[in-house]
Amino acid sequence: MAIDTDKNGYTILFAVVMVIVVGSVLAFLASGLSERIKENERFEKQQNILYAMGVNENTPDSGVNFIPTDVVEDKFIERIKTQYVLVNGKVNEDETAFAIDVKKQLAALKAGDEARLPIFVGEKEGKEIYVLPMYGKGLWDAIWGFISVDKEMVVQGVYFDHKAETAGLGANIKMRFFMDDFIGESLLDGKSYSGITVSKTNNDPLNDDKQDNEVDAIAGATITGNGVSSMIKETLKAYKPYLETIRNN
Amino acid sequence: MALLSKKDTNLILDPLADNNPITIQVLGICSALAITAELKASLVMAVSVIFVMGVGNVVISLMRNIIPSKIRIIAQLIVVATLVIVVDQVLKAYQYELSKTLSVFVGLIITNCIIMGRFEAFALGNGVWRSFLDGIGNALGYGVILIIIGFFRELLGSGTLFGIQVLGDPIAKTGLYAIGYENNGFMIIPPAALIVVGIIIWVQRSRNPALVEEN
């Protein structure tokens, strides 16, 4: 049977049928898989938070090793004692903090609206550790992560991730050699919250100097590095009221 | 009877060398620049494109008699986009780690002109089996070049392969770095890929003068 594929009517019919078929395939797939995808995303977030507070399976020479997916939920419940939400400078205990989308809240904060900023308080080696989410901009797209500090504002660990930074350059912010440099650095410079700057003139490749509020930049990834610096600064600005209370405790 | 006739074998082998989509037809250069700073990314991209092109060519070939010629390009685009999104979603559900590596490439695969080119030039006019072979062949030709570029760029630019330091440690100054060797930062930025592609084209044409165009 030959079909005249040049007729307008046929062309329109074909387009309509194709759109319906493709649309239903994708819709069916998306709704069928959405639960599993959400679960994966939850595990990933738990892994990232735990990683930032130094709960991971890294060995001295390994790459980034998270707590495995199958045990991460239990580990998260065990390690994260309380979740708080910071609203208008006031801290309230709130078990839904985990589900908050930080990107939206930071945007609201910038616009001068009320923002609900999540805080995760965990425990490691008998010490309370405070994990704060971060969200910022790299060279191509979003970068985000978590940073954890103790009472003295000394960084216990960080985790960075990115959407589309350049492979081999900016994408290296999620590599251990970069993230490990932050551990032990202080967010305070004297009394001000100066954060940690990713610096090209640090001249400290092994990162021995933990008092300088600087870590070594990645060559060729200037803008991603600046993005990380300002992301940390923005986070500090947003969370300052809370950080003040834990320092004075 | 052989599994592949001589003509069929050529469908796979030609794009690997004498009719390579990157070095001869100069297609798909954009993604060849964008993702070859690391060998791992090159490999992931190569495998993804092999899959999308193999399946895509089959789908288009099956539909070749019912696609209206007026909207064939859109129809082809929808097929590639759907395939890529299906793969991405399934990976997100069942291979989450891998999907995170891959998600960056999704857009690059959809717009890869080699894929659209083969749909248009081959799958629309040929049978299913031959279209499948043509798709695999061209994707392999693309992948081979990607991996060669990725190999040199990562080795010379970062001193690593698949993220493993093969030339010593640049910070602790061991291996080659102990005698004054330095990584070439230029290799990591995209223009370096053009130079590597240029060298590959040069080597290929000097080995096979038949490829050189007469002026």
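Since this is a predicted model, take the numbers as computed values, not measurements. (Residues numbered from 1 in each chain as written. Chains lettered and ligands numbered in written order. Predicted model: local features only at pLDDT ≥ 70, side-chain atom pairs only at ≥ 80, totals over all residues. Heavy atoms only, no water.)

**Q** Outline the nonpolar core, supporting the account with residue identities and numerical values.
**A** All names here are of chain A. Ranked by size, the top nonpolar core spans 62 residues in total, and within it F160, F182, L187, I232 and L243 carry the most contacts. Looking at which element gives the most residues to this core, the answer is helix α5 (residues 222–247), with nine residues. Residues in contact with L187, not counting those within four places in the same chain, are I147, V149, M153, V155, S192, Y193, S194, G195, I196, N213, I232 and L236. (Core = buried A, V, L, I, M, F, W, Y, C linked by side-chain atoms within 4.5 Å. Buried < 20%, exposed > 50% of the residue type's maximum accessible area, 1.4 Å probe, protein only. Helix = DSSP H or I, 4+ residues; strand = E, 2+ residues; numbered from the N terminus. Contact = heavy atoms within 4.5 Å.)

**Q** Quick rundown of the interface of chain A and chain B? Include the residues and the values.
**A** Every contact between the two is made by 30 residues of chain A and, on the other side, 27 residues of chain B. On the surface where chain A and chain B come into contact, there are zero salt bridges. Connecting chain A to chain B are eight residue pairs in polar contact (both at pLDDT 80 or more). Counting only elements with at least two residues in the side of chain A that touches chain B, the list comes to α1 (8–52) and β6 (155–162) of chain A. The element that contributes the greatest number of residues to the side of chain A that touches chain B is α1(A), accounting for 16 residues. Classifying every residue of the side of chain A that touches chain B by side-chain character gives 16 nonpolar, six polar and eight charged. (Salt bridge = Lys/Arg side-chain N within 4 Å of Asp/Glu carboxyl O. Polar contact = N/O pair within 3.5 Å; in protein donor to acceptor, adjacent residues only side chain to side chain. Nonpolar A, V, L, I, M, F, W, Y, C, P; charged D, E, K, R; others polar.)

**Q** Describe in detail the sheet that holds strand β1 (residues 80–87) of chain A, supporting the description with residues and values.
**A** Strands in a sheet are paired, the pairing made by backbone hydrogen bonds, and the direction either parallel or antiparallel. Residues and elements named next belong to chain A. Pairing within the open sheet is antiparallel, and its six strands lie in the order β2-β1-β3-β4-β5-β6. Two strands in the sheet have a free side with no partner beyond their single neighbour: β2 (90–93) and β6. When strand polarity is set aside, the average angle formed by the axes of neighbouring strands in this sheet is 25°. Pairing between β1 and β2: four bridges, direction antiparallel. Bridging across to β2, L86 finds its partner in V91. The strands that α5 touches are β1, β2, β3 (116–124), β4 (127–137), β5 (142–149) and β6; relative to β4, the one it contacts most, it runs at about 135°. (Pairing = 2+ DSSP bridges. Axes fitted to C-alpha atoms, helices over the stretch in contact; angles between N-to-C directions.)

**Q** Could you give me a rundown of the pairing of β6(A), with the residues and numbers involved?
**A** Residues and elements named next belong to chain A. Within β6, eight of the eight residues are buried, which leaves it mostly tucked inside the rest of the structure. Of the strand pairs in this sheet, β5 and β6 are connected by seven bridges, and their pairing is antiparallel. Counted as the bridge partner of W144 is D161 from β6.

**Q** Please set out the packing of aromatic side chains residue by residue, giving values where relevant.
**A** Aromatic ring pairs: the centre-centre distance and the angle between the two ring planes describe each pair. Residues and elements named next belong to chain A. Scanning the entire structure with this criterion turns up 13 aromatic pairs over all chains. Ring geometry for F76 and F98: centres 5.4 Å apart, planes at 65°, overall edge-to-face. Taken as a pair, F76 in helix α2 (residues 69–79) and F98 in the loop between β2 and α3 (102–110) lie far apart in primary sequence, 22 residues in all. Side by side, F76 and F98 carry an identical accessibility label, which is buried. Ring pairs connect the aromatic residues Y51, F66 and Y159, which therefore count as one cluster. One Lys or Arg, K45, reaches over the ring of F98 and ends 4.9 Å from the middle of that ring. (Phe/Tyr/Trp six-rings, centres within 6.5 Å; stacked < 30°, edge-to-face > 60°. Lys NZ or Arg CZ within 6 Å of the ring centre and 35° of its normal.)

**Q** So what about unusual backbone geometry? Which residues, and what values?
**A** With a phi angle near 50°, E125(A) is a residue other than glycine that sits in the positive phi range. Relative to the elements of secondary structure, E125(A) occurs in the loop between β3 and β4. Given the relative accessible area of 76%, E125(A) is considered exposed. One non-glycine residue with positive phi stands out, namely V26(B), at about 50°. Looking at the element boundaries, V26(B) is found in the loop between α1 (6–13) and α2 (29–34). Residue classification places V26(B) among the partly exposed residues on the basis of a relative accessible area of 47%.

**Q** How would you summarise the confidence of the model for chain B if you had to cite specific residues and measurements?
**A** Residues and elements named next belong to chain B. When the pLDDT values of chain B are averaged, the result is 85; 98% of them are 70 or greater. Confidence scores differ between elements of chain B, with helix α5 (residues 96–102) showing the lowest mean pLDDT of 77 and helix α8 (residues 128–158) the highest of 91. Reported confidence for the predicted complex is 0.73 by ipTM and 0.76 by pTM. (pLDDT = per-residue confidence, 0-100.)

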